[in-house]
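# Chain and residue survey
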Amino acid sequence: MSYKEPAPIKNQENPFESMMSRFDEAARILGLDKNSYNVLKSPAKAVIVSLPVIMDDGTVQVFEGYRVVHSQAMGPSKGGIRYSMDVHLDEVKALAAWMTWKCAVVGIPYGGGKGGIKCDPRKMSKGELERLTRAYAGAMRDVFGPEKDIPAPDMNTGPQEMAWLMDEYSKIQGMYTPAVTTGKPLVLGGSSGRVEATGRGVMVAARAAMGKLGINPSEATCAVQGFGNVGSISAKLIQLQGLKIVAISDVSGGYYDPKGIDIEGAIAYRNSNGGTLEGFNAERITNEEILELDVDVLVPAAMEDQITKHNAANIKAKLIVEGANGPTSASADLILNEKNIMVVPDILANAGGVTVSYFEWVQNRLGYYWTEERVHRRADRTMKQAFEEVYAASQKYGTSLRIAAYIVAIDKVAKALAFRGVF
Ligand code: NAD
């Protein structure tokens, strides 16, 4: 994700409370013992730092930076860093826990972490952002490390910030240490296939779920909300599977064409139109209407809290594949379950991104770089296996795929914890 103004959140329900309520339900079904429950509810570490930065006008501004390590039971913690005025400790704690479950679902050997700096990157120059990022890397030098805690991009950070972070950390260590971050530029140890990884994983999850539901891709229709990295690449790859994409949307609104939208054309339009679909040649609909279209597959890939108790009853799709993090609230889950709509949950559906981040870290440590084809093949295999594991758990426990994903994740982390022991 690059520098874009965060869209207003509708805030009907707190997505993080939604997430924790699912954790509770899965823990109950799994019969998680109270000791493990208490350990997994609490982040292992939360660090707050003050970051003095010399601004372009010569004044010194002090920013607050956070890093939360939720769990390192399965391996070094992994998770992004966001730059936003909305960053606060409670949010970072919840996002860190989310990363623990996401890594465990796909079976990559990581725990979960998350970080952030309270700042408004749109009001800062490139030089100020560089000094801020380097100050953060220096202040967190004892937290970060290729075997300890590995940051990645998140909201309003991207390859440039990861390059500064890696460079500063390498200088402090006195040696080139590319594996300390992922999401780096390709010329600096980034992985082939990382840009497409999340959308590609969404497509693989959608295909696997369609197989279970008996939906024939070449006869199916699909709508995709959000047309950024995840939405546009999901739409492109889902279309290549034979589905007809009848609607897409971004912050400018929704675009509907029952005959099908040419996604390559829409991407080219967006790229030549300042990054927005505004003015795209199709019937205009709203971002609320796109969710309620009569399609087979719906991919919410914009932001959190889009399907809630207020609109869940109007959803007509047979399958929802969550490209975004937290697009469905816990109360909406109940309604979707009653309507027998299959939901491939975020911690599974969009885990292709963190999977390829793991491959980036592996390649950095090997010092040997894979072809794009190899990255895709291994990521597809990881996503398919994770889907089957979660599907089997949903059959075994008689739950939704979402609760099954949490069950699979919590079970793995709790077992690792039990083997390692508690002090
Ligand atoms: P992005 O910034 O590239 O794109 C976001 C898209 O959503 C844009 O098209 C934007 O116009 C649109 N949008 C913003 N507000 C909207 C609104 N109110 N209604 C409709 N559309 C709106 O971001 P991204 O990287 O594609 O991330 C999208 C979601 O996927 C986020 O929830 C993110 O956390 C999640 N995600 C991303 C990755 C990744 O690898 N990029 C991995 C896992 C999860």
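Per chain, residue numbering runs from 1 following the sequence as it is written. Only residues with pLDDT of 70 or above have their local features reported here, since the model is predicted, and side-chain atom pairs are shown and tallied only from 80 upward, although totals for entire chains, interfaces and linings are computed over all residues. To get the side-chain values, all heavy atoms of the structure are used, and hydrogens and water are removed first.

If DSSP finds at least two bridges between two strands, the strands pair. Runs of E in the DSSP output that reach at least two residues are strands. Runs of H or I that reach at least four are helices, and both are numbered from the N terminus. Pairing in this open sheet of seven strands is mixed, and the strands run β9-β8-β7-β6-β10-β11-β12 from one edge to the other. Strands at the two margins of the open sheet, each flanked by one partner only, are β9 (283–285) and β12 (342–344). Each strand of the sheet is rotated relative to its neighbour by a mean of 20°, with strand direction disregarded. Where strand β6 (residues 221–225) and strand β10 (residues 297–300) come together, four bridges link them in parallel fashion. Along β10, the bridge assignment pairs V224 with V299. For helices, the fitted line uses only the C-alpha atoms of the stretch in contact; every axis is such a line through C-alpha atoms, and the angle between N-to-C directions lies from 0 to 180 degrees.

Moving on: the pairing of strand β5 (residues 149–153). Among the five residues that make up β5, four are buried, leaving the element largely enclosed by the rest of the structure. Bridge analysis of strand β3 (residues 77–83) against β5 gives five bridges, and the strand direction is parallel. Each bridged residue has a counterpart across the sheet, and for K78 the counterpart in β5 is I150. Accessible area is worked out with a 1.4 Å probe on protein chains only. A residue is then buried under 20% of its type maximum, exposed over 50%, and partly exposed in between.

Attention now goes to the sheet that holds strand β4 (residues 111–118). The pairing of strands in a sheet happens through backbone hydrogen bonds and is either parallel or antiparallel. The five strands are arranged β1-β2-β4-β3-β5 in an open sheet whose pairing can be described as mixed. Each edge of the open sheet is held by one strand with a lone partner, namely β1 (45–54) and β5. Neighbouring strand axes in the sheet, compared pairwise and without regard to direction, differ in orientation by 25° on average. Sheet topology places β1 next to strand β2 (residues 60–71); 10 bridges connect them, and they run antiparallel. Counterpart to V49 in the pairing with β2 is G65. In the packing of helix α4 (residues 126–139) onto the sheet, the strands contacted are β1, β2, β3 and β4, and the crossing angle to β1 comes to about 140°. Contacts were defined at the residue level, with two residues in contact if any of their heavy atoms lie within 4.5 Å.

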